[in-house]
Amino acid sequence: MGNSYLEVVDRAAIERRVSELGQAIAADHEGLNPVLVGVLKGCVPFLADLTRQIDIPHEVDFLLLTRFGERGRVSVAMDTAISLEGRHVILVEDIVDTGLTLSALLRSLSVRAVAGVKTVALLDKVPRRIVDVPVDYRGFEIGDEFLLGYGLDWGGRYRNLPSLWAVMDMEQLTDLDATFPTAAFGNGAG
Ligand code: 5GP
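Let us look at the structure shown here.

Reading the values: rules and limits
Residues numbered from 1 in each chain as written. Predicted model: local features only at pLDDT ≥ 70, side-chain atom pairs only at ≥ 80, totals over all residues. Heavy atoms only, no water. Near = heavy atom within 4 Å. Polar contact = N/O pair within 3.5 Å; in protein donor to acceptor, adjacent residues only side chain to side chain. Helix = DSSP H or I, 4+ residues; strand = E, 2+ residues; numbered from the N terminus. Contact = heavy atoms within 4.5 Å. Expected span 1.5 Å × (residues − 1). Buried < 20%, exposed > 50% of the residue type's maximum accessible area, 1.4 Å probe, protein only. Pairing = 2+ DSSP bridges. Axes fitted to C-alpha atoms, helices over the stretch in contact; angles between N-to-C directions. Phe/Tyr/Trp six-rings, centres within 6.5 Å; stacked < 30°, edge-to-face > 60°. Core = buried A, V, L, I, M, F, W, Y, C linked by side-chain atoms within 4.5 Å.

**With respect to the site of the ligand**
Okay, step 1: Contacts to the ligand come from 16 residues, most closely from T98, T101, K125, L147 and D153.
Okay, step 2: D97 places a polar main-chain atom, nitrogen or oxygen, 2.8 Å from an oxygen atom of the ligand.
Okay, step 3: At a separation of 2.8 Å, an oxygen atom of the ligand approaches a polar side-chain atom of K125.
Okay, step 4: Of all the secondary structure elements, the ones that give two or more residues to the shell around the ligand are β5 (88-96) and α3 (100-109).

**Overview of the environment of E7**
Okay, step 1: When you line up the elements, E7 lands in strand β1 (residues 5-9).
Okay, step 2: Residues E7 and L21, 14 residues apart in the sequence, show an inter-C-alpha distance of 22 Å.
Okay, step 3: Each residue touching E7, except ones within four places of it in the same chain, is listed here: S163, L164 and W165.
Okay, step 4: A polar contact is formed between the side chain of E7 and the side chain of S163, at a distance of 2.6 Å.

**Quick look at helix α1 (residues 11-28)**
Okay, step 1: Here α1 is 18 residues long and its end C-alpha atoms lie 26 Å apart, about the 26 Å a rise of 1.5 Å per residue gives.
Okay, step 2: For α1, the full list of buried residues reads A13, I14, V18, S19, L21, G22, I25 and A26.
Okay, step 3: Looking at the buried side of α1, the elements it contacts are β1, α2 (44-51), β5, β6 (116-125), β7 (137-142) and β9 (164-167).

**So, the sheet that holds strand β3 (residues 59-68)**
Okay, step 1: Taken in spatial order, the 6 strands line up as β4-β3-β2-β5-β6-β7 in an open sheet, and their pairing is mixed. Two strands in the sheet have a free side with no partner beyond their single neighbour: β4 (73-78) and β7. Pairwise comparison of adjacent strand axes, ignoring direction, gives a mean angle of 30 degrees for this sheet.
Okay, step 2: Here strand β2 (residues 35-40) pairs with β5 via 4 bridges, running parallel. Residue pairing in the sheet places V35 in a bridge with V89 of β5.
Okay, step 3: Against the sheet, α1 contacts β5, β6 and β7, and its axis sits at roughly 145 degrees relative to β7.
Okay, step 4: This element, α3, spans β2, β3, β4, β5 and β6 of the sheet and lies at about 165 degrees to β5.

**So, the packing of aromatic side chains**
Okay, step 1: Counted according to the given criterion, the structure contains 1 aromatic pair.
Okay, step 2: Ring centres 5.7 Å apart and planes at 85 degrees place the aromatic pair F146 and W154 in the edge-to-face group.
Okay, step 3: By relative accessible area, which is 27% here, W154 ends up partly exposed.

**Focus on the nonpolar core**
Okay, step 1: Counting residues in each nonpolar core, the largest one holds 28 residues, and the members touching the most others are F46, L50, V92, V120, L122, L123 and L164.
Okay, step 2: Put simply, the parts of the chain that give this core at least two residues each are α1, α2, β5, β6, β7 and β9.
Okay, step 3: Setting aside chain neighbours within four positions, we find V92 in contact with L36, V37, G38, V39, C43, F46, L47, L50 and V120.

**Section: the sheet that holds β9**
Okay, step 1: Strand order in the open sheet formed by 3 strands is β1-β9-β8, with antiparallel pairing between adjacent strands. Either end of the sheet is taken by a strand with one partner, and the two such strands are β1 and β8 (147-148).
Okay, step 2: Across 4 bridges, β1 lies against β9 in antiparallel orientation. Looking at β9, one finds that E7 is bridged to W165.

Everything listed here is a matter of geometry and, on its own, says nothing about what the molecule does.
Given below as structure tokens:
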């Protein structure tokens, strides 16, 4: 694998933590029929695992954002299929970095007469936060390294890595012909 990539959270640790998050969400939303709203596309592996750990009735939907500008301005490119009015919404994000995306999203939900909003993020890059946003359920706190895998991409690639990897040498990524070590897609080294 060389020294360019380092596995920071392995599959077993992700599975354990996602199960704990699912149980906490279920305990807090008994009888509320909440809707998990995944923020595409990075949420997909996380949401797929999370929904199966929430053992109360709930629905799943998605929205897609477009980002423009440096300050994390976002608009909704594809909205949820179901109406969120009167619903207990649980926003599902892969990672909260500066917090700008999530805060914009919360602002846009605040005018929709939802019954409540909670946020869940698999990863929370605490040292990079610019705006204070509530992360109600958090998988792992991480530093400011650039991560890939389990939904996180570089130019659309590597979302399919089953675990989370930190990129130690960003130049490796800018070389489009470079391939991620194939072992990272398999069962791993252990
Ligand atoms: P924020 O608005 O909180 O700064 O940005 C969140 C978005 O930035 C995430 O949804 C994700 O798309 C991207 N992002 C932030 N940190 C990382 C990272 O370490 N790796 C990858 N692949 N994307 C990241």
